[in-house]
Amino acid sequence: MSSVEIKRVKPFDLTIDSIAPDKSISHRCAIFSLLSDKPSFIKNYLLAKDTLNTLNIVSKLGADIKRDGSNITIIPKELIEPDDVLDCGNSGTAMRLFCGFLAGVDGFFVLSGDKYLRKRPMKRVTKPLSMIGAKIDGRDDANLAPLAIRGSKLKNFTYKSKIASAQVKSAMILAALRAKGVSLYKEPFLSRDHSERMLKGMGANIKTSLKEDGYEIKINSLKEPLKPLNIRVPSDPSSGFFFAVAAAIIPKSRVCLKNVTLNPTRVEAYRVLQKMGAKVEFIQKENIYEPIGDIVVEYNELNGVKVEKNIPWLIDELPALSIAMAVAKGKSTVKNAKELRVKESDRIKSIVKNLKKCGINVVEFEDGYEIDGGSLKEAEINSFGDHRVAMSFLIAGLINGMKVYDTDCISTSFPNFIDILKKISEVKVGD
Ligand code: S3P
């Protein structure tokens, strides 16, 4: 269990062109390439623990994979039944998307993961999948991994999800592609839409429309293999956001994050930072499946803010945003964010407990928290095995120093985070 110690930082002006490639898009590239019969070319694939596990599963399912650094060629072959457990590591995205993908594939598949993933709720995918004919079992009535899937024939469906979850939506879309006929998936609010954009780009017949009660996605089952992917994965705005917060809280600082996805379902936290007072500029440069460009963030005095809407568009950034809230003038509140409790850790608890250790007044709600901005003190922090909690509190340490324990998890999403941090601060990595 490693630890990282960080010292107070001086003002900085940094352009970062090595923010980790997007995790959500990388997972999807690996999995969706299996829907084609031709090689997919993926540049800038995320070489982090989570997405390498996904690539490994894709290979165990029969695809040939050629790697040249972060450039990956995936040559799909006929899907085979692996003779071993498929290890999703720490990744809820991998486990849920593979459930949907494999539910309609002939064979027997077992999905498992690390001790954190084995505690996360999977019924949100196994239940709707079972309703359309999937045979999935697991601990706690198919809620907890390991999950055993016996591929079977799937029926088309109309399913109205209570939660806006891209993982559930993507699992159901993947299942619908193998089901017979046309399926309808409804969600109360648009969750991140990489799957729809990428699959449409590959030729799938998928239509999204805004209805009175939320979003509706109409999916036609596959008649033939899809076109392969040819993509350069943009940088991950959720990873870049740690350095956006760093620039926003350190006087006279500025950061330019190069080539990140500007997909509106992913950059809402930057808009909140802007609302709090930071200077934020989006510079769109291209459009490959989705808008891509640079984001510039500059320090300005921050004020407290209420975050109650558009939660699915900033859910992953809330740990880092809570650091900005902790130094802002006045109170900030986060509500309607109960989903935080079932992420890589119970993030409401992780944030509240750790901010209190840093001398900040925080009130915990069932679905969020209230933070009274003050001065962040140096403290010893536990990441609870959660990569985003570990990175958020290292950024907090730029103000007065910090020691964060259990930091190995950072490599699940952002292996070069510490290298970039070293460009602006003194960092000591311990055992
Ligand atoms: C993800 C979707 C989100 C997000 C997660 C990645 C994805 O989860 O929090 O980090 O790649 O689909 P939910 O879909 O459960 O909200």
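Conventions and cut-offs
Residues numbered from 1 in each chain as written. Predicted model: local features only at pLDDT ≥ 70, side-chain atom pairs only at ≥ 80, totals over all residues. Heavy atoms only, no water. Helix = DSSP H or I, 4+ residues; strand = E, 2+ residues; numbered from the N terminus. Rg over C-alpha atoms; globule rule 2.2 N^0.38 Å. Buried < 20%, exposed > 50% of the residue type's maximum accessible area, 1.4 Å probe, protein only. Contact = heavy atoms within 4.5 Å. Areas by Shrake-Rupley, 256 points an atom, 1.4 Å probe, with all protein chains shown as cover. Lys, Arg positive; Asp, Glu negative; His and termini not counted. Charge placed at Lys NZ, Arg CZ, Asp CG, Glu CD. Disulfide = S-S within 2.5 Å. Pairing = 2+ DSSP bridges. Axes fitted to C-alpha atoms, helices over the stretch in contact; angles between N-to-C directions.

(A) Structural context of the overall build of the protein. Of regular secondary structure, the protein possesses 13 helices and 24 strands. Expected size for 431 residues packed as a compact globule is a radius of gyration near 22 Å; at 21 Å, the protein falls within 12% of this value. For the protein, the spread of C-alpha atoms along the three principal axes comes to 60 × 45 × 40 Å. Residue burial in the protein is summarised as follows: out of 431 residues, 60% are buried. Residue pairs in contact within the protein that sit at least 24 positions apart in sequence constitute 72% of those at least 6 positions apart. Of the accessible surface of the protein, which amounts to about 17,100 Å², a share of 47% is contributed by carbon and sulfur atoms. Averaging the positions of the 67 positive and the 52 negative side-chain charges in the protein gives two centres separated by 3 Å.

(B) Here's a closer look at the state of the cysteines. All chains considered together, the criterion is met by zero disulfides. Residue cysteine 358 stays outside any disulfide, its sulfur separated by 16 Å from that of cysteine 409, the closest cysteine.

(C) Up close: the sheet that holds strand β2 (residues 13–16). The sheet built from four strands is open, its strands ordered β2-β15-β17-β16 with mixed pairing. The open sheet has two edge strands, β2 and β16 (279–288), and neither has a second partner. When strand polarity is set aside, the average angle formed by the axes of neighbouring strands in this sheet is 15°. In this structure, strand β15 (residues 254–261) lies alongside strand β17 (residues 290–298), joined through six bridges in antiparallel fashion.

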